[in-house]
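Tertiary structure, described
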Amino acid sequence: MATQTEQVSIALIYDEIAEIFTSSPAIEQIASFRLSDEADQFIGDLLEANRTRKLRDDEEEALDHFEAIENLMQIVKITAHAKLESKK
C-alpha cells in the first residue's frame with residue numbers, strides 16, 4: 001500500500017492530467033503538456049531511488065501508476081502531434 005506521500009504525489013499527477021483534459025484544451029496544449037515541477041520532482045526522486053536501491057512496495061506501486069500514466073500520455077501526445085502535422 002502506498003504511503004501518504006506517494007498517494008498525494010500520484011493523486012497530484014492524476015489531478016494535473018484531469019485538469020488539462022477537462023479544460024477543453026487545444027491540440028497544441030495537449031501536445032505540449034508537461035507535469036508540474038512538483039510532480040516532475042516526485043517522479044525524478046522515485047526513479048533515482050529505483051536506480052540506487054530496491055524500492056519499497058509502496059514506491060513500486062507509485063512507479064507502476066506513473067508508468068501507466070506515462071504510457072497513456074505518450075499515446076495521447078503522439079496522436080495530438082499527428083493531428084497538428086495533418087493540418088499543415
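So, how was this worked out
- Residues numbered from 1 in each chain as written.
- Predicted model: local features only at pLDDT ≥ 70, side-chain atom pairs only at ≥ 80, totals over all residues.
- Heavy atoms only, no water.
- Helix = DSSP H or I, 4+ residues; strand = E, 2+ residues; numbered from the N terminus.
- Buried < 20%, exposed > 50% of the residue type's maximum accessible area, 1.4 Å probe, protein only.
- Core = buried A, V, L, I, M, F, W, Y, C linked by side-chain atoms within 4.5 Å.
- Contact = heavy atoms within 4.5 Å.
- Patch = residues over 30% accessible without salt bridge, like charges linked within 9 Å, V, L, I, M, F, W, Y side chains within 5 Å.
- Areas by Shrake-Rupley, 256 points an atom, 1.4 Å probe, with all protein chains shown as cover.
- Salt bridge = Lys/Arg side-chain N within 4 Å of Asp/Glu carboxyl O.
- Lys, Arg positive; Asp, Glu negative; His and termini not counted.
- Charge placed at Lys NZ, Arg CZ, Asp CG, Glu CD.
- Expected span 1.5 Å × (residues − 1).
- Arc of directions from axis to C-beta.

A word on the overall build of the chain. When helices and strands are tallied, the chain shows four helices and zero strands. Its helices and strands taken in sequence order, the chain reads α-α-α-α from the N to the C terminus. Taken along its principal axes, the extent of the C-alpha atoms in the chain is 45 × 25 × 20 Å. In the chain, which comprises 88 residues, the share counted as buried stands at 32%.

Let us now look at the nonpolar core. With 17 residues, the main nonpolar core has Ile-13, Ile-17, Phe-33, Leu-35, Phe-42 and Leu-46 as its most contacted residues. Mapped onto this core, the elements with two or more residues apiece are helix 1 (4–22), helix 3 (37–52) and helix 4 (57–86). Leu-35 has contacts with Ile-13, Glu-16, Asp-40 and Phe-66, leaving out every residue within four places of it along the chain.

A few words on a negative patch on the surface. A cluster of like negative charges, contributed by Asp-57, Glu-60, Glu-61, Asp-64 and Glu-67, occupies part of the molecular surface. Position of Glu-67 relative to the elements: it lies in helix 4. Classification of Glu-67 as partly exposed rests on a relative accessible area of 41%.

Here the focus is the pattern of salt bridges. Here the structure, examined in full by the defined rule, presents five salt bridges. A cluster of three or more residues bridged by salt bridges with shared partners is formed by Arg-53, Arg-56, Asp-58 and Glu-59.

Counted at 1.5 Å a residue, the expected span for helix 3 with its 16 residues is 22 Å, and the 22 Å between its end C-alpha atoms agrees. For helix 3, the set of buried residues is Ala-39, Phe-42, Ile-43, Leu-46 and Ala-49. Taken down its axis, helix 3 places every buried residue within 120° of arc, on the same side. Away from its buried face, by an angle of more than 90 degrees, helix 3 presents the exposed residues Asp-37, Arg-51 and Thr-52.

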